[in-house]
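Tertiary structure, described
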Number of protein chains: 2
Amino acid sequence: MLDHSLLLSDQYQLSMLEAYLAEGMTETAVFEFFVRKLPPRRDFLMAAGLEQLVEFLEGMRYTPDELAWLRASGSFSARFVDSLAGLRFTGDVDAMPEGTVFFPNEPVMRITAPLPEAQLIESRLINLIHFQSLIASTAARMVLAAPGKQLVDFGFRRAHGAEAGLLAARASYLAGFDGTATVAAHREFGVPVFGTMAHSFIQAHDDEATAFERFARVRPSALTLLIDTYDTERAAGIVARLAPKLAAEHIAIAAVRLDSGDLAAHACAVRRILDEAGLQKVRIFASGGLDDRALLQLCRSAAPIDGFGVGTSLTTSSDAPALDCAYKLQEYAGRPRRKLSEGKATWPGRKQVYRFHRPDGTIAEDVVALVSEPCAGEPLLRPVMRAGRRLPDLPDLSRARSHAARSLEHLPPPLRRLEAAEVLVHISQGLRDLAASMTT
Amino acid sequence: MLDHSLLLSDQYQLSMLEAYLAEGMTETAVFEFFVRKLPPRRDFLMAAGLEQLVEFLEGMRYTPDELAWLRASGSFSARFVDSLAGLRFTGDVDAMPEGTVFFPNEPVMRITAPLPEAQLIESRLINLIHFQSLIASTAARMVLAAPGKQLVDFGFRRAHGAEAGLLAARASYLAGFDGTATVAAHREFGVPVFGTMAHSFIQAHDDEATAFERFARVRPSALTLLIDTYDTERAAGIVARLAPKLAAEHIAIAAVRLDSGDLAAHACAVRRILDEAGLQKVRIFASGGLDDRALLQLCRSAAPIDGFGVGTSLTTSSDAPALDCAYKLQEYAGRPRRKLSEGKATWPGRKQVYRFHRPDGTIAEDVVALVSEPCAGEPLLRPVMRAGRRLPDLPDLSRARSHAARSLEHLPPPLRRLEAAEVLVHISQGLRDLAASMTT
């Protein structure tokens, strides 16, 4: 369903490609993708999007139609456009597995390929890895904020376009959400799908009781009734009176949903109404402008809410809608390369990230080192593609989700509590020496 | 290029559809899309995305493949899935033309269609209209902040997926940007495309002078050289020495680009270096973490910068990554409907927005009224589709862009200066009376 057209890219990639090919600059380049610094009030990030990147790289080619359009556009020489026909990705990819927790200045991914290929993929690589990592990182905070609660992505409508909605459903499921409301994400990625009802359904009927009852008969499975259209507690009373009638028809009300007002207060009142009617098994599900802080507060105050639908704050990562990330040339033709732009200088050379754990398994510290330096920690960048082909046994979404859960378990306790804390990322001596040798 | 699959939707739309069809609830519904309140430090918004919505509605259908998948999913009855095969959009659309400035509580769009159709389209309608309106609104502020400057969208890589990158290029062009770096947006929408070079191009060469010279020979047209990879002023000196050599080959350097550090200070220093070398015609282009506030500051301080590339803050609308918008049922089967949820109550009935102008053309005030109420102002909602077909002569992107420019000219002067100011949106007496009659 994702469109991986190579025209989904920046114009300058093509300009540079033309220049590289004209100059015969096709030797091996090493690029790395990393995050420069954390957004405010964030202390860790989670890698995601690798599977879509691999699909993009495996299928990378200009279609005859795109080549004809490029030729007709007049922006490029005919000879150059002809040479694009045979272009494929033939390089290597090493990356942190999806669901790995990472920190600033750590390469999340290393691309080793002929310079034109490694350059051309930049725009879509960042576009794919940045967004899913952004959403997985945001979702992971919500998962930590609401332990044991059901979490469902409700954010398609305010996601930034269709692909964002689809990929946010995947990235949040990877990070520990239980599912999504987006049908296409269920089909495309197998993310479990959840659905309730909208206010318009209630409004279209002449009264709430009729709306509830009719919906229940047509859609009796996992039945969730929305009770805040007019007056939440009054609607809870309607649900209490309706339940025995439906039970006689073997229809069980699974949950009620609150979507406005003081959710904790309404949840308490509704829980009481339901319990007094013997409806202890009817769960309370809440939605409406929730973010990680609201989830933390509702869960710490022990509001009787069993699950949450999270929309805009998840799929737009509204507290931090972008990461300060980059994909930078670190080596060309066997020589390390370094950018020195103010505030944006990079660590040169091919690197690896080594993670050290405490005896209880939690992260102690990371070391960013040159691949050529010996280091005792667990190497986080693993081989993903060789010579343009994916290696066998790459984790699927289900395995990535398990890995994400383990990664969150291994966060230092303050980070698991969403408290500000820093995991030390050391820069190895070898890397410091190399950088120093290139500064002057 | 946009994927308009009907599965790009929320599961509950299908559940409600099944219930509506089972109940025979297929009478005419009226839904309206509106924004509840402005994001912080925003005082106006701009409508965009209508063209993509019309495309979606015209082509709306489940493919045989999707129907087979829905049947196999087991979530819906076979009879219901069969009935989806013939589903088309047969309704009416009235909307503010793209590029129209609007304010909270004003319906931007009114859908009048059989209830199942009007309901089903909700998720993708919001997804399309919300995002482009968000970006057009953000871009409009940048256009006002940098009058007379060239503005180019550089944000594909950090946009939330491919569709976001593509649609942000369209929406920002609509709002007054000069173009985009995204090739596919050039192909898809005819948005002018711009390209420079990346730091990696410089880094891959052994020295900057060689990189500049070789690039110039291969890509002499609209030649823009990136000068901040190592030392901005030193690179400007290299450009000054290179220019006469290239001029002898009839290659003109069009611009240099700054991407880091204190842009105003570097621009002054670089301007001096270029001017002293007789390169008054070489323009200075700046990029790197710019937003509307930075543009305003750079332009007010008269920094000698001729154009800007804007990325993340544009394509993620990072200061306000979402609008508090809704698509709500206002009438069903001839009866007005109203939602009363706390903090989310709606104005019922079919509405129109009337705009009143001052003698100089600027907006004086808007009135939101029932369509049945007479009102002297300019009606903003115009017919777009009738009985499922688009009306002839809908504005294309070029006309929408002209309309947007006029809309910005007609903003009250404080809003044009990006100062906080409120345009009065009155609720008509008829609408107040109707709402009051439905509260009890």
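Scoring rules and cut-offs
- Residues numbered from 1 in each chain as written.
- Chains lettered and ligands numbered in written order.
- Predicted model: local features only at pLDDT ≥ 70, side-chain atom pairs only at ≥ 80, totals over all residues.
- Pairing = 2+ DSSP bridges.
- Helix = DSSP H or I, 4+ residues; strand = E, 2+ residues; numbered from the N terminus.
- Contact = placed C-beta atoms within 7 Å.
- Axes fitted to C-alpha atoms, helices over the stretch in contact; angles between N-to-C directions.
- Nonpolar A, V, L, I, M, F, W, Y, C, P; charged D, E, K, R; others polar.
- pLDDT = per-residue confidence, 0-100.
- Least-squares fit on C-alpha atoms with pLDDT ≥ 70 in both.

Residue and element names in this part refer to chain A. Sheet architecture is open: 7 strands sit in the order β13-β12-β1-β5-β3-β17-β18, paired in antiparallel fashion. Edge positions in the sheet fall to β13 (335–336) and β18 (389–390), since each of these pairs with one other strand and no more. The pairing of strand β17 (residues 382–386) with β18 spans 2 bridges and is antiparallel. Directly across from Met-385, in β18, lies its bridge partner Arg-390. Running over the sheet, helix α2 (residues 50–58) touches β3 (92–95), β17 and β18 and is turned about 20 degrees from β17.

Let's shift gears to the interface of chain A and chain B. The interface of chain A with chain B comprises 78 residues on the first partner and 78 residues on the second. Of all the secondary-structure elements, those providing two or more residues to the side of chain A that touches chain B are α1 (11–23), α5 (115–120), α6 (122–145), α7 (162–175), α8 (183–189), α9 (199–204), α10 (208–218) and β12 (324–332) of chain A. Class assignment for the residues of the side of chain A that touches chain B results in 36 nonpolar, 25 polar and 17 charged.

This part covers the confidence of the model for chain A. A residue-level look at chain A finds 100% of positions with pLDDT of 70 or above and a mean pLDDT of 96. The ipTM, which scores confidence in the relative placement of chains, is 0.97 for this predicted complex, and the corresponding pTM is 0.98.

Least-squares fitting of chain A to chain B yields an RMSD of 0.0 Å, with the superposition described by an axial translation of 0.0 Å and a rotation of 180 degrees. Each copy turns onto its partner about a two-fold axis. Comparing contact sets, 100% of the residues at the interface of chain A also lie at the interface in chain B, consistent with an isologous, same-surface contact.

We now examine the environment of B:Gly361. Looking at the element boundaries, B:Gly361 is found in the loop between β14 (351–357) and β15 (363–370). Along the backbone, B:Gly361 and B:Ile129 are 232 residues apart, and their C-alpha atoms lie at a distance of 27 Å.

A few words on the environment of A:Thr63. Relative to the helices and strands, A:Thr63 resides in the loop between α2 and α3 (64–73). For A:Thr63 and A:Lys281, which are 218 residues apart along the polypeptide, the C-alpha to C-alpha distance reads 56 Å.

As a further point, take unusual backbone geometry. At B:Asp393, a residue that is not glycine, the phi angle is positive and equals roughly 75 degrees. Along the polypeptide, B:Asp393 turns up in the loop between β18 (389–390) and α15 (397–409).

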